[in-house]
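# Observations on the three-dimensional arrangement
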Amino acid sequence: RTRRALRVPTRSVSAAAMGAYKYLQELWRKKQTDTIRFLLRVRCWEYRQLPVIHRASKPSRPDKARNLGYKAKQGYVIYRVRV
């Protein structure tokens, strides 16, 4: 008889174990990181160059859009409106 070691999976959340939407959600939770600060600065400038009402080709936050019911299929449109 041979003994097999039991492998018990650990439930620690690491970047390798996360899916894409979970990873984006974690990124947006930490707004002071260099990545998000850079992204927000660039997007802010980009949005100022656009007209007041603009049809976006895709959502800027796909994880949150999916949580709100958005699906990437025909019939769903996204407009960005400057307030």
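Residues numbered from 1 in each chain as written. Predicted model: local features only at pLDDT ≥ 70, side-chain atom pairs only at ≥ 80, totals over all residues. Heavy atoms only, no water.

### Details of the environment of Tyr 76
Take Tyr 76: it is sitting in the loop between helix 3 (62–67) and strand 2 (78–81). Overall, the relative accessible area of 39% leaves Tyr 76 in the partly exposed class. Tyr 76 sits 18 residues away from Lys 58 along the chain, and the two C-alpha atoms are 9.8 Å apart. Apart from residues lying up to four places away in sequence, Tyr 76 is in contact with Gly 69, Tyr 70 and Lys 71. (Helix = DSSP H or I, 4+ residues; strand = E, 2+ residues; numbered from the N terminus. Buried < 20%, exposed > 50% of the residue type's maximum accessible area, 1.4 Å probe, protein only. Contact = heavy atoms within 4.5 Å.)

### Here we look at the side chain of Asp 63
Locating Asp 63 in the fold gives a position in helix 3. Judged by relative accessible area, which is 5%, Asp 63 ranks as buried. Side-chain polar atoms of Asp 63 contact the backbone nitrogen of Gln 25, separated by 3.5 Å. Filtering out sequence-adjacent residues up to four positions away, Asp 63 remains in contact with Tyr 21, Leu 24 and Gln 25. (Polar contact = N/O pair within 3.5 Å; in protein donor to acceptor, adjacent residues only side chain to side chain.)

### Regarding the packing of aromatic side chains
Under the defined criterion, the tally for this structure stands at one aromatic pair. Seen in terms of ring centroids, Tyr 70 and Tyr 76 are 5.9 Å apart; in terms of plane orientation they differ by 80°. Their pairing is edge-to-face. (Phe/Tyr/Trp six-rings, centres within 6.5 Å; stacked < 30°, edge-to-face > 60°.)

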